[in-house]
Amino acid sequence: MAKTENAIWVAAQMENGEILGVTFELLGQARRLADAAGQNTAVVLIGKENNGHAERLIAQGADVVYTVLGPEYEDYNVELYTNAFCELATEYKPNGIMFGATIDGRDLAPRVAARLKTGLCADCTEVDMGEDGLLKWTRPAMGGNLMGTIVCSDKRPQMGSVRPKVFAPMEADPGRQGEVINYTVKNKVESKLELLKKEPLSTGGKLKIEDAEVICAGGRGFGDAQQFAVLNDLAALFEKSALAGSRAAVDEKWVDHASQVGQSGKTVAPKLYFACGISGALQHVSGMKESEVIVAINKDENAPIFEVAHYGLVGDVHVVIPKLVEKIKAYKES
């Protein structure tokens, strides 16, 4: 039987009955930190039914999976989820809890922290373990111009929400053993919330940048919204692609904030990342440097973006991108 106290917990997040990828990303890092500190990992799974999810979580690093199941938990409900999560934490006393910094995670985490009377470091881009055994939560500050590392030495559990795509999940081990604790909430509450309708957050059928395999990102180098629109032609050549922008592009309203990459935006790790007209400031690079292949296009041969790019094209984006689109189209048609 696994030790249940003083463990590092991960809050599982689900959508349409499936576990979101951020859960496995955080579980991978929780496993690494727990191994370094001689602790265990646990996942809290709240939902309608298990459906093999607990076993998959164990295979990817969990020592314990706490399940809170029932039809009332089919859709995210902040009142029911907060009540169940806090009752579990009060009984089993985790050392730390990691939430994904998604829409639901950013809603749930502060409520749990307030109920448990502990701190919360929100929207982290790094989580580490100090020699003193304290979790070190790092997040951008001052509009992304500074990075702050925060520790919670006096209160437990130590809590933080972490952006998707920051960590890599661990390889699944189907033979890995763990414990599933099916928990029944003792002090149930009646929710005052009623779900009337579910709609996707993205509009027009667009793929969210954190889910894209190819990202075409643009920056100030485009000059105006009309010139920026040429990136749509490039993105259209790839499946599972999305348009994104630097902070400058968002400030100019060429793309919305949901498509911003960087410390004050989102962290992404696609298979292919085009950085077009982006100088490569730390604020932006920190949000995309883990991409598998980075192609940079900039007319300044000394632009910092070339230091992280796998392939670099020195030239004007207004000239290079149309030619690149033409070449890719010809290749696909041949």
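A quick note: this is a predicted structure, and the numbers were derived from the prediction, not measured.

**What about the overall build of the protein chain?**
Secondary structure assignment for the protein chain yields 9 helices and 17 strands. Taken over C-alpha atoms, the radius of gyration comes to 22 Å for the protein chain, in line with the 20 Å a tight globule of 334 residues would show. Put simply, the protein chain has 334 residues, and 50% of those count as buried. In the protein chain, the share of contacts with a sequence separation of at least 24, taken over all contacts with a separation of at least 6, comes to 63%. Computed over 36 positive and 45 negative side-chain charges, the separation of the two mean positions in the protein chain equals 3 Å.

**Observations concerning the sheet that holds strand S16 (residues 293-298)**
Across the sheet, 5 strands lie side by side as S14-S13-S15-S16-S17; this open sheet has parallel pairing. Every other strand in the sheet has two partners, leaving strand S14 (241-245) and strand S17 (311-314) as the edge strands with one partner each. When the angles between neighbouring strand axes are averaged without regard to direction, this sheet yields 15°. Strand direction decides the pairing type here: strand S13 (residues 214-218) and strand S15 (residues 272-276), joined by 5 bridges, are parallel. Each bridged residue has a counterpart across the sheet, and for Cys216 the counterpart in S15 is Phe274. Strand contacts of helix H9 (residues 317-333): S15, S16 and S17, with the helix running at about 135° to S16, the strand carrying the most contacts.

**Topic: the layout of surface pockets**
For the second largest pocket, the calculated volume is near 330 Å³. Forming the boundary of the second largest pocket are 18 residues, of which Gly219, Arg220, Gly277, Ile278 and Ser279 lie nearest the centre.

**Things to note about the nonpolar core**
With 29 residues, the main nonpolar core has Trp9, Tyr66, Phe85 and Phe99 as its most contacted residues. Counting residues per element, the ones that place at least two in this core are strand S1 (8-11), strand S4 (41-47), strand S5 (64-69), helix H3 (78-92), strand S6 (96-100) and helix H4 (103-116). Here this core gets 8 residues from one element, more than from any other, and that element is H3. Counting 28 residues, the second-largest nonpolar core is a separate cluster that includes Ala54, Ala62, Met98 and Met129.

**Remarks on the environment of Asp63**
Tracing the chain through its elements places Asp63 in the loop between helix H2 (53-59) and S5. Separated by 190 residues in sequence, Asp63 and Lys253 have C-alpha atoms that sit 46 Å apart. In this structure the side chain of Asp63 is engaged in a polar contact, spanning 3.0 Å, whose partner is the side chain of Arg176.

**Notes on the side chain of Asn298**
Here Asn298 lies in strand S16. Looking at Asn298, its side chain comes within polar contact range of the main-chain oxygen of Ile278, at 3.2 Å. In this view, Asn298 contacts Gly277, Ile278, Ser279, Ala303, Phe306, Leu313, Val314 and Gly315; residues no more than four positions away in its chain are not counted.

**Notes on unusual backbone geometry**
Residues other than glycine predominantly adopt negative phi, and peptide bonds predominantly adopt the trans conformation. With omega at 0°, the peptide bond leading from Arg156 into Pro157 counts as cis. Looking at the secondary structure, you find Pro157 in the loop between strand S10 (146-150) and strand S11 (158-162). Of note, Asp123 is a non-glycine position whose phi angle comes to about 60°, a positive value. Examined against the element boundaries, Asp123 turns out to sit in strand S7 (residues 121-124). Positive phi values are uncommon outside glycine, yet Lys240 reaches one of about 50°. With respect to the helices and strands, Lys240 occurs in the loop between helix H6 (230-235) and S14.

**Quick look at the side chain of Arg163**
Turning to its location among the elements, Arg163 is positioned in the loop between S11 and strand S12 (179-182). There is a polar contact of 3.3 Å between the side chain of Arg163 and the side chain of Asp123. There is a polar contact of 3.1 Å between the side chain of Arg163 and the backbone oxygen of Gly265. Look past the residues within four positions of Arg163 in its chain and what remains in contact with it is Ala101, Asp123, Cys124, Thr125, Pro140, Gly262, Gln263, Ser264, Gly265, Lys266 and Thr267.

**Remarks on the pairing of S11**
Side-chain positions along a regular strand alternate between the two faces of the sheet. Summarising burial for S11: 5 of the 5 residues are buried, a large majority. Residues Gln158, Gly160 and Val162 of S11 are buried on one face, and the alternating residues Met159 and Ser161, pointing to the opposite face, are buried as well. Judged from the 5 bridges that link them, S6 and S11 form a sheet pairing that is parallel. Across the sheet, Ile97 pairs through a bridge with Met159, a residue of S11.

**Examining the state of the cysteines**
Scanning all chains against the criterion turns up 0 disulfides. Looking at Cys86, it has no disulfide partner, and the nearest cysteine sulfur is the one in Cys152, 15 Å off. Cys276 takes part in no disulfide bond, and the closest cysteine sulfur to it belongs to Cys216, at a distance of 6.6 Å. For Cys276, a relative accessible area of 0% translates into the label buried.

So, how was this worked out
- All chains use their own residue numbering, which begins from 1 and follows the written sequence.
- The predicted nature of this model means local features are confined to residues of pLDDT at least 70 and side-chain atom pairs, given and counted, to a pLDDT of 80 or more, with totals for whole chains, interfaces and linings taken over all residues.
- Only hydrogens and water are removed before side-chain values are computed, so all heavy atoms of the structure are retained for them.
- Helix and strand definitions here come from DSSP, where helices need a minimum of 4 consecutive H or I residues and strands a minimum of 2 consecutive E residues; each element is numbered from the N-terminal end.
- Radius of gyration: over C-alpha atoms. The globule rule applied is 2.2 Å multiplied by the number of residues raised to the 0.38 power.
- The cut-offs for exposure are 20% and 50% of the maximum accessible area for each residue type, with area from a 1.4 Å probe on protein chains only; residues under the lower value are buried, those over the upper are exposed, and the others partly exposed.
- Residues are treated as being in contact if the distance between any of their heavy atoms lies within 4.5 Å.
- When charges are counted, Lys and Arg are positive and Asp and Glu negative, with His and the chain ends excluded.
- Where a charge sits is defined by one atom per residue type, namely NZ (Lys), CZ (Arg), CG (Asp) or CD (Glu).
- Paired strands, as defined in this entry, are two strands with at least two bridges between them according to DSSP.
- An axis is simply a line fitted to the C-alpha atoms; with a helix, the fit covers only the stretch in contact. Between two such axes, the angle follows the N-to-C directions and lies from 0 to 180 degrees.
- A 1.4 Å probe that fits into a set of points on a 1 Å grid over the protein atoms alone but cannot get out defines a cavity; an open set with protein on both sides within 12 Å along at least five of seven lines defines a pocket, and lining residues are those with an atom within 4 Å of a point.
- Grid points are joined across faces, edges and corners, and a volume is the space filled by probe spheres set on the points.
- What we call a nonpolar core is a set of buried Ala, Val, Leu, Ile, Met, Phe, Trp, Tyr and Cys residues that are connected through their side-chain atoms within 4.5 Å.
- Here a polar contact is taken to be a pair of N or O atoms separated by no more than 3.5 Å, where protein atoms must pair a possible hydrogen donor with a possible acceptor and residues adjacent in sequence count only if both atoms sit in side chains.
- Any two cysteine sulfur atoms within 2.5 Å of one another count as a disulfide.

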